[in-house]
Amino acid sequence: MSTRLTYHGAASFEIVGPTHRILIDPFLSQNPLAPCAPDELETPDVILVSHAAFDHYGDTAAIAKRTGAPVVCDAAVRAMLIDEGVSPDQVSATTWGIVVEAAGLPIRPVECHHWSSGTLSDGRQVVGNPIAFIVETEPGVRIYHYGDTCIFDMRLIGELYRPTVGLLGCTLPRELSHLIPGPATFLTGEMDADEAARTAEMLGLEIAVACHYLAKDAEVDRFLELVPKYDTTGRRQVVAPEVGQTLVVDGSDWTLEEAAA
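Please read these numbers as outputs of a predicted model, since none were measured by experiment.

Engineer: So what about the layout of surface pockets? Which residues, and what values?
Structural biologist: Where empty space is left can be seen by rolling a probe of water-molecule size over the atoms. Computed from the structure, the largest pocket encloses a volume of approximately 740 Å³. Surrounding the largest pocket, 26 residues form its lining, Ala-53, Phe-54, Trp-115, Ile-180 and Phe-186 being those nearest its centre. Looking at the lining of the largest pocket, the elements with two or more residues in it are α1 (54-57) and β9 (116-119). Its residues placed into classes, the lining of the largest pocket shows 12 nonpolar, 10 polar and four charged.

Engineer: Residue-level account of the confidence of the model for the chain, with values.
Structural biologist: Per-residue confidence for the chain gives a mean pLDDT of 96; residues scoring 70 or more make up 99%. Of all secondary-structure elements in the chain, the lowest mean pLDDT belongs to strand β17 (residues 253-257), at 91, while strand β4 (residues 46-48) reaches the highest, 99.

Engineer: Tell me about the nonpolar core, and name the residues and values.
Structural biologist: In this structure, Leu-48, Ile-107, Tyr-144, Leu-168 and Phe-223 are the most contacted members of the largest nonpolar core, which totals 56 residues. Looking at which element gives the most residues to this core, the answer is helix α5 (residues 193-203), with six residues. Phe-223 has contacts with Leu-168, Cys-170, Ala-193, Ala-196, Ala-197, Ala-208, Val-209, Ala-210 and Val-238, leaving out every residue within four places of it along the chain. Judged by nonpolar contacts, the second largest core, of 22 residues, contains Leu-41, Cys-73, Val-77 and Val-126.

Engineer: Could you give an account of the pattern of salt bridges, naming the residues involved and the relevant values?
Structural biologist: Counted according to the given criterion, the structure contains 13 salt bridges. Note that Glu-242 is salt-bridged to Lys-216, the shortest N-O span being 3.6 Å. Placement of the pair is Glu-242 in the loop between β15 (237-239) and β16 (246-250) and Lys-216 in the loop between β14 (207-211) and α6 (218-230), with a sequence separation of 26 residues. Taking the relative accessible area as the measure of exposure, Lys-216 reaches 34% and is therefore partly exposed. Connected through salt bridges with shared partners, the residues Glu-14, Arg-21 and Glu-42 form a single ionic network.

Engineer: Run through helix α3 (residues 75-83), naming residues and quoting values.
Structural biologist: Within the sequence span of α3, burial applies to Ala-76, Val-77, Met-80 and Leu-81. Along the axis of α3, the buried residues cluster in a sector spanning 130 degrees; they form a single face. On its buried face, α3 is in contact with α1, α2 (60-67), β5 (71-73), β6 (91-93), β9 and β10 (125-128). For α3, the N-terminal capping position is held by Asp-74, with its side-chain oxygen 3.3 Å away from the main-chain nitrogen of Ala-76.

Engineer: I'd like a description of the packing of α5 against α6, backed by residues and values.
Structural biologist: Following both chains from N to C, one finds α5 and α6 inclined at 35 degrees, their axes separated by 8 Å at the closest point. The crossing of α5 and α6 is right-handed. Taking contact as the criterion, the partners of Ala-193, Asp-194, Ala-196, Ala-197, Arg-198 and Glu-201 in α5 are, on α6, Glu-219, Arg-222, Phe-223, Leu-226, Val-227 and Tyr-230. For the contact of α5 with α6, the residue count by class is seven nonpolar, no polar and five charged.

Reading guide: rules and limits
Residues numbered from 1 in each chain as written. Predicted model: local features only at pLDDT ≥ 70, side-chain atom pairs only at ≥ 80, totals over all residues. Heavy atoms only, no water. 1 Å grid on protein atoms, 1.4 Å probe; cavity = no way out; pocket = protein on both sides within 12 Å on 5 of 7 lines; lining within 4 Å. Points joined across faces, edges and corners; volume = space filled by probe spheres on them. Helix = DSSP H or I, 4+ residues; strand = E, 2+ residues; numbered from the N terminus. Nonpolar A, V, L, I, M, F, W, Y, C, P; charged D, E, K, R; others polar. pLDDT = per-residue confidence, 0-100. Core = buried A, V, L, I, M, F, W, Y, C linked by side-chain atoms within 4.5 Å. Buried < 20%, exposed > 50% of the residue type's maximum accessible area, 1.4 Å probe, protein only. Contact = heavy atoms within 4.5 Å. Salt bridge = Lys/Arg side-chain N within 4 Å of Asp/Glu carboxyl O. Arc of directions from axis to C-beta. Polar contact = N/O pair within 3.5 Å; in protein donor to acceptor, adjacent residues only side chain to side chain. Axes fitted to C-alpha atoms, helices over the stretch in contact; angles between N-to-C directions. Left-handed = near helix turned anticlockwise from the far one by under 90°.

Next up, the structure:
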């Protein structure tokens, strides 16, 4: 058995295990490097959305309406999806600690230090609780998606739930900076390379996967250098996929397939 994780850019992954197809934070139509369009995706068994930011919420509504796939998210994202015409019966809101099951897949929401805020069509603001997720695609392959969290003490998450693969933001997609209103220039993402590498150690990961970029930058390179520095096991592996590449995880080993032409 193996699990395939295709990187769509930003924090978006399509994860295909032996029994489930999981779509996380599907940001495609506004992504200049997206490897596919939203309507080209196969029907997922479940869509997970970490929070309401445009580069995470992305094309969730369109994909959910086209495929009928269930969505697990926070309260703000649920309100936004319903506002866009997704059936309320199709969307489950949860928060840290409240484990849910969708399409037969247990989904564990865990602590995420960020925000989740969006605007409905009538101008009302909605606020929710951002989520990091842990899912087990097959025995021994437990995937942690960071949900855009900043660094905090994550050792207990590692001890309790023992994720093996971590999808960790270590920079920010600078190509999208023009879409962010306001006068400030963002210098880092929610975690920089050093913080993300330390997070891999706190979680006890076997494979640390960089994300939250479209094109690799110096912070991604620094993440690749720093993960081994903080590794007390001597076994941790680290990878930074290109947008469109697929990471194939087989136990504690991985291979990286070239992006489809």
